[in-house]
Amino acid sequence: MSSDEEITKLFRIRRTVMQMLNDRGYLVGDFEINETRAGFLAKFGDNIKRENLDIKKSKRNDSNDHIYVFFPEDSKVGVKTLKTYINRMKNDEVNRAIFVAQQSLTPFAKTCISEFSSSYHLEVFQDAELLVNISRHVLVPVHQVLTPEEKKTLLERYTLKETQLPRIQITDPIARYYGLKRGQVVKIIRPSETAGRYVTYRYVV
């Protein structure tokens, strides 16, 4: 039987993941974002296997664009486990996945991820990073990823090169939350006492 603490931890992590997928434009139901701890318990029981928490979602505007979220059982994820997941992605023709790991990956597993990076977009978050949704923090402004068309319009309107925009590192926690890729531009909307709202743009490097 999972301890109360473990159940609460997994419940909070999965809720953050659902909010994150929703913020990235995947099709997530309100009932999944607003799930209560009791609802979570009713669904997964009080002896929770991490692998039962796995999620597969498709984009709201493209039902062929899928993402997997895997919750590996091993406390330290190694190459063997990773390859099992990558094979599953290959069979299901899904090329993007998030791994929710209890601890950091083994050095070999990290190398394995970079070896597959040309074919698969693989992201790793540790449990501790997902206990709280950083994008919901009062000090974090709204971030919106521009589509390639919106980016082109923006650069044309201000006759800018993308490299002239302020930057955001791909390793920044918010960039990781939104799954940003190098070369994308994100619009940041802050409340402003004078203007009502203040908009800036950042280029992902």
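Residues numbered from 1 in each chain as written. Predicted model: local features only at pLDDT ≥ 70, side-chain atom pairs only at ≥ 80, totals over all residues. Heavy atoms only, no water.

Some remarks on the packing of helix α1 (residues 4-23) against helix α3 (residues 37-44)
Rule in force here: Each axis is a line fitted through C-alpha atoms, taken for helices only over the stretch in contact, and angles between the N-to-C directions span 0 to 180 degrees. Secondary structure follows DSSP: runs of H or I at least 4 residues long count as helices, runs of E at least 2 residues long count as strands, and numbering of each begins at the N terminus. When an angle is under 35 degrees it counts as roughly parallel; over 145 it counts as roughly antiparallel; between 65 and 115 it counts as roughly perpendicular; any other value is oblique. Residue contacts are counted whenever heavy atoms from the two residues lie within 4.5 Å of one another. The nonpolar class holds Ala, Val, Leu, Ile, Met, Phe, Trp, Tyr, Cys and Pro. Asp, Glu, Lys and Arg form the charged class, and all remaining residues, Gly among them, are polar.
The contact between α1 and α3 brings their axes to 10 Å, and the two run at 100°. Taken together, the axis directions place α1 and α3 in an arrangement best described as roughly perpendicular. When α1 is examined against α3, the residues D4, I7, T8, L10, F11 and R14 are found in contact with a partner set consisting of R37, F40, L41, K43 and F44. Its residues assigned to classes, the contact of α1 with α3 shows 6 nonpolar, 1 polar and 4 charged.

Topic: the pairing of strand β8 (residues 196-204)
Formally: For two strands to be treated as a pair, DSSP must find no fewer than two bridges joining them.
As paired strands, strand β6 (residues 167-168) and β8 are joined by 2 bridges and run parallel to one another. Bridge pairing in β8 links I168 to V204. When strand β7 (residues 185-192) meets β8, the two strands line up antiparallel, connected through 8 bridges. Among the inter-strand pairings, R190 is bridged to a residue of β8, identified as Y198.

Quick look at the UniProt feature "domain: RNA polymerase Rpb5 N-terminal" (unreviewed entry) in the protein chain
Definition in use: UniProt positions are given in the numbering used here, feature names are shortened, and annotations may be inferred rather than shown by experiment.
In this structure's numbering, the residues bearing the UniProt feature "domain: RNA polymerase Rpb5 N-terminal" (unreviewed entry) are residues 4-89. Taken end to end, residues 4-89 comprises 50% helix and 16% strand; its first and last C-alpha atoms sit 32 Å apart.

Some points on the side chain of H143
Worth spelling out the cut-off: Each polar contact in these results corresponds to two N or O atoms within 3.5 Å; when the atoms are within protein, one needs to be able to donate a hydrogen and the other to accept it, and residues that are neighboring in sequence are counted only if both atoms are side-chain atoms.
Within the element layout of this structure, H143 appears in strand β5 (residues 142-145). A distance of 2.9 Å separates a polar side-chain atom of H143 from the backbone oxygen of P141. Not counting the four nearest positions on each side in its chain, H143 is found in contact with I174, Y178, V186, K187 and I188.

Some remarks on the sheet that holds strand β3 (residues 96-101)
Strand order across the open sheet formed by 4 strands is β1-β2-β3-β4, with mixed pairing between neighbours. Because the sheet does not close on itself, it has two edges, and the strands there are β1 (55-59) and β4 (121-126). Mean inter-strand twist for the sheet, computed between neighbouring axes without regard to direction, equals 20°. Relative to β3, strand β2 (residues 62-70) runs parallel, the two being bridged by 3 bridges. In the sheet register, V69 faces β3, and the bridge partner there is I98. Where helix α4 (residues 79-92) meets the sheet, it contacts β1, β2, β3 and β4, and its direction lies at approximately 165° from that of β2.

Regarding the packing of aromatic side chains
Note the threshold: Each aromatic pair joins two rings of Phe, Tyr and Trp (for Trp, the six-membered one) with centres within 6.5 Å, and gets the label stacked for planes under 30 degrees apart, edge-to-face for over 60, and tilted for any other angle. By the criterion adopted, a ring carries a charge over it if an Arg CZ or a Lys NZ lies within 6 Å of its centre and within 35 degrees of its normal.
Under the defined criterion, the tally for this structure stands at 8 aromatic pairs. Put simply, the rings of Y68, F70, Y85 and F99 touch in pairs and so form one group of aromatic residues. Against the face of Y68 rests R88, its NZ or CZ located 5.0 Å from the ring centre.

A closer look at the nonpolar core
Inclusion rule: For this analysis, a nonpolar core means a set of buried residues of the types Ala, Val, Leu, Ile, Met, Phe, Trp, Tyr and Cys, connected via side-chain atoms within 4.5 Å. Only protein chains enter the accessibility calculation, which uses a 1.4 Å probe; a residue whose area is less than 20% of its type maximum is buried, one above 50% is exposed, and one in between is partly exposed. A domain assignment, automatic or from a database, supplies the domain bounds used here.
Ranked by internal contacts, the top residues of the largest apolar core, which has 32 residues, are V17, L21, F40, V69, F71, I98 and V100. Within the residue set of this core, elements represented by two or more residues are α1, α3, β2, β3, α8 (173-177) and β7. Residue contributions to this core reach at least three from each of two domains, namely domain 1 (4-132) and domain 2 (135-204). Other than its neighbours up to four places away in sequence, I98 contacts M20, L21, R24, I67, Y68, V69, F70, E123 and F125. Counting residues in each nonpolar core, the second largest holds 17 residues, with V77, M89, A97 and A101 among its members.

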